[in-house]
Amino acid sequence: MSARTDSESQSKDYRQEDEVEIFFQIAAAMAAALLLPWVYAILERANFHDFKFDGLHRSRALWLVPLFYLVGAVGTVLLFPAHLQLFWAFHVLLLAQIAEVLLHQAGYLTTVSLPLSEQFTPLRAGGFVVVLGSAVYAAQRLRSWDTERELRRIIDDGNYVLPFQGLSAASDRMSLSRFVPLRKDRSILVLGETGAGKTETIKLFTHQMQAGTDDPFVVFDYKGEYQESFEHENLIHLSSTDATEYWNLFAEIEREADIDEIGRALFPHTDGSEFFSQAGRQLFVAVVTYLHREAQAADTTPTNADLVAFVQSTDKQEMHERLTDHSDLTAAASAIDPDSERQAAGVYANFQQVIADLFRGDFAEAGEFSIREYMDDPQGRTLLLDFPITEGDAVQPAFRFFIDWAARFALANEQDTYFVLDEFARLPGLRKMGDLINAGRGRNTQLLLGVQSVAQLHDTYGKDRANALLSGLVQSVIMRVGDAASVEYTQSQIGREKQRRSVPVHDRNGRSVGRQELQDETHPIVESDLERLDDGEAVVVVPDGWLRGLIARFETVQTELERALKRRTE
Ligand SMILES: Nc1ncnc2c1ncn2[C@@H]1O[C@H](COP(=O)(O)OP(=O)(O)O)[C@@H](O)[C@H]1O
Ligand SMILES: [Mg+2]
């Protein structure tokens, strides 16, 4: 957004009435404290110049000054508002006080207290600059330490923490804390149009999810944005290009019954007229079953390369013959029965095409990697499902399969599993999404979803199913959105707020006879607010309430976050 709205929102919007008030009260007290030595010094000087002020005795005043500062310092520490937006100011103030006391002790009273006129020497001025610089530096260190402490407190309570850079006064039933805790046992939704800051926000969470975990960690990435944010040695990059491990469909099979399930996951039944929803899927299952049996007889495991080669080199007639060798595959083979000529040619050509499209690039290699083994023993590695946009929709079934198949194991086993699915609504037909969303801690599964808009979710999953999915997502970070469905969703999450208005009341002659209190119910956040959110600005909705603010960028809190997480895992 423009610089103007930026600075406006910083100065006007990110304001916290209560804390600002406290701050100014303390600041006023401190300013008074700072003035005291000045007054004292001026009076002292007056004494020197023969104006006798008997009331203010030197020794008594000297005794008072440090005491005043001590009280101020203790007050600041007690009110140490780590979570407040202005808390750095307190540190500066505190350190300024300490520095002042030190200066007094060192006999700098007059130099610092009086305007730099009479006693001005380079040494004293230099000393002052050094002390001031040190105070600022120390304040920064203190701020960082304080941030870390606050992050650790929330993390140690078993939450994820979403750090904010600034908060807006608009919120409900939530303390205005710079660090917002989100529960680990419920799924999290990050909603926002492209460029709103979803990925940046998700990175804040993934970092915390990953800390010290050796559990399965599955990331779906639509734009290749996550690759650099994970350590390379611990990353499995699964894709049709630049893969670090080659996927093997046959390694997913434990029992023959699995093949049926794999077929359903790869080619789910969709409303569309996709050929593969019916006959094609049966044929696929039959072909895979055939290869699986042949290989088992020879005590080997086929690879995707074998599947592709087999399908491409076998003509319809031969395929039909081979499949009908197995009596239980004849039903599936009937789709390509050469004797029922009409349909079979088209079906088989189509089948070959789908196989060629799907098993392309690195998916057509003779690999060994399987989701099954990864979920069983991830060895501390992250599984990055990197959707190659350039390949178009042809590889969609594979990615859909990876997620659904991983979810199958996640929901079945006791192990903690993490799913981070950014832009997941671009994948139509994910079957396990509802189960994953509602799994939560009961099933040891943590899910973080990134979605562009509720409208997109409606398009991909249908209104009813999409709304059912959304209703399971009780923690959301809502960033800039523009579509009506997203606005409506946000408002339903936030609820209404009562607003009192006082209007003048007039009698019949138009004379004012007083005022009347009216109560309205309004949406505290309206469409234009949501449309105009800056990059990184969000409304966080949790079961306890909601809060609006500018999320801290990952880099700005990375050091503190890492330290807080390290302490936790040690
Ligand atoms: N917390 C933030 N503060 C300021 N700018 C941000 C913040 N988060 C993201 N941005 C900026 O917004 C832009 C889009 O961020 P990104 O996370 O890629 O959005 P999305 O994933 O929603 O498309 C980037 O240029 C990024 O620098
Ligand atoms: Mg993104």
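Residues numbered from 1 in each chain as written. Chains lettered and ligands numbered in written order. Predicted model: local features only at pLDDT ≥ 70, side-chain atom pairs only at ≥ 80, totals over all residues.

Engineer: Where do I start with the confidence of the model for the protein chain in this structure?
Structural biologist: Any region with low pLDDT has predicted coordinates that should not be read closely. The pLDDT averaged across the protein chain works out to 79; a share of 73% of its residues lies at or above 70. Averaged pLDDT values for the elements of the protein chain fall to 37 in helix 1 (residues 3-13) and rise to 96 in strand 3 (residues 188-191). Ignoring residues within four places in sequence, the model shows residues 1-18, a span with pLDDT below 50, making 21 contacts including any to other chains. Scored below 50 in pLDDT, residues 80-85 shows 20 contacts in the model against residues more than four places distant or in partner chains. (pLDDT = per-residue confidence, 0-100. Helix = DSSP H or I, 4+ residues; strand = E, 2+ residues; numbered from the N terminus. Contact = placed C-beta atoms within 7 Å.)

Engineer: Quick question: what am I supposed to make of the site of ligand 1 here?
Structural biologist: The full set of residues close to ligand 1 is Gly192, Thr194, Gly195, Ala196, Gly197, Lys198, Thr199, Glu200, Asp535, Gly536, Ile551 and Arg553. Per element, the largest residue contribution to the shell around ligand 1 is three residues, and it comes from helix 7 (residues 198-210). Of the residues that constitute the shell around ligand 1, the class distribution is two nonpolar, six polar and four charged. (Near = placed C-beta within 6 Å. Nonpolar A, V, L, I, M, F, W, Y, C, P; charged D, E, K, R; others polar.)

Engineer: Looking at this structure, how should I read helix 19 (residues 484-494)?
Structural biologist: Each full turn of the α-helix corresponds to 3.6 residues, which orients residues three or four apart in the same direction. Of the residues making up helix 19, those classed as buried are Ser486, Val487, Tyr489 and Thr490. Taken around the axis of helix 19, the buried residues stretch over an arc of 160°, which confines them to a single face. Summarising the geometry of helix 19, the exposed residues directed more than 90 degrees from the buried face are Ala484 and Glu488. Contacts made by the buried residues of helix 19 are with strand 3, helix 17 (454-461), helix 18 (463-471), strand 9 (475-478), helix 20 (527-531) and strand 12 (537-542). Trailing helix 19 by a residue or two, glycine 495 shows a phi angle of about 85°, which is positive. (Buried ≥ 20, exposed ≤ 12 C-beta atoms within 10 Å, placed from the backbone. Arc of directions from axis to C-beta.)

Engineer: Honestly, helix 7 in this entry has me stumped. Any pointers?
Structural biologist: The end-to-end C-alpha distance of helix 7, which contains 13 residues, comes to 18 Å, matching closely the 18 Å that a straight helix rising 1.5 Å per residue would cover. Taken as a whole, helix 7 has its buried residues at Lys198, Thr199, Thr201, Ile202, Lys203, Leu204, Phe205, Thr206, Gln208, Met209 and Gln210. (Expected span 1.5 Å × (residues − 1).)

Engineer: It is not clear to me how the pairing of strand 12 should be interpreted in this structure. Could you clarify?
Structural biologist: The side chains of a regular strand alternate between both faces of the sheet. Summarising burial for strand 12: six of the six residues are buried, a large majority. Judged from the three bridges that link them, strand 9 and strand 12 form a sheet pairing that is antiparallel. Looking across to strand 12, one finds that isoleucine 478 is bridged to valine 539. In terms of strand pairing, strand 12 meets strand 13 (residues 545-551) through six bridges, oriented antiparallel. Following the sheet pairing, alanine 538 is matched in strand 13 by glycine 549. (Pairing = 2+ DSSP bridges.)

Engineer: Would you mind going over the nonpolar core with me for this structure?
Structural biologist: Nonpolar side chains tend toward joint burial in soluble globular proteins. Residues Leu385, Phe402 and Val540 are the most contacted members of the largest nonpolar core, which totals 126 residues. Here this core takes nine residues from helix 15 (residues 396-412), the largest share from any one element. Dropping the residues within four chain positions of it, phenylalanine 402 is found in contact with Leu238, Ile371 and Leu385. (Core = buried A, V, L, I, M, F, W, Y, C linked by C-beta atoms within 7 Å.)

Engineer: Would you mind going over the pairing of strand 5 (residues 235-238) with me for this structure?
Structural biologist: With burial as the criterion, each face of strand 5 is covered, one bearing Leu235 and His237 and the other bearing Ile236 and Leu238. Sheet topology places strand 5 next to strand 6 (residues 382-386); four bridges connect them, and they run parallel. Bridged to leucine 238 within strand 6 is leucine 385.

Engineer: Just to check I follow, could you spell out the environment of arginine 322 for this structure?
Structural biologist: Take arginine 322: it is sitting in helix 11 (residues 316-324). For arginine 322 and alanine 333, which are 11 residues apart along the polypeptide, the C-alpha to C-alpha distance reads 9.1 Å.

Engineer: So what exactly am I meant to see when it comes to the packing of helix 17 against helix 19 here?
Structural biologist: In a packed pair of helices, the relevant descriptors are the angle between the two axes and the axis-to-axis distance. The geometry of helix 17 relative to helix 19 is characterised by a closest axis approach of 6 Å and an angle of 110° between their N-to-C directions. As judged from the angle between their axes, helix 17 and helix 19 are roughly perpendicular. Facing helix 17, whose interface residues are Val454, Ala455 and His458, helix 19 presents Ala485, Ser486 and Tyr489. (Axes fitted to C-alpha atoms, helices over the stretch in contact; angles between N-to-C directions. Parallel < 35°, antiparallel > 145°, perpendicular 65-115°, else oblique.)

Engineer: Which parts of the structure should I look at to understand the packing of helix 9 (residues 279-297) against helix 10 (residues 304-313)?
Structural biologist: Two elements in contact, helix 9 and helix 10, have axes whose closest approach is 11 Å; the angle formed by their N-to-C orientations is 115°. For the pair helix 9 and helix 10, the sense of crossing is right-handed. Residues Val287, Val288 and Leu291 of helix 9 form the contact with helix 10, whose own contacting residues are Asp306, Leu307, Phe310 and Val311. Here the residues of the contact of helix 9 with helix 10 are counted per class, giving six nonpolar, no polar and one charged. (Left-handed = near helix turned anticlockwise from the far one by under 90°.)

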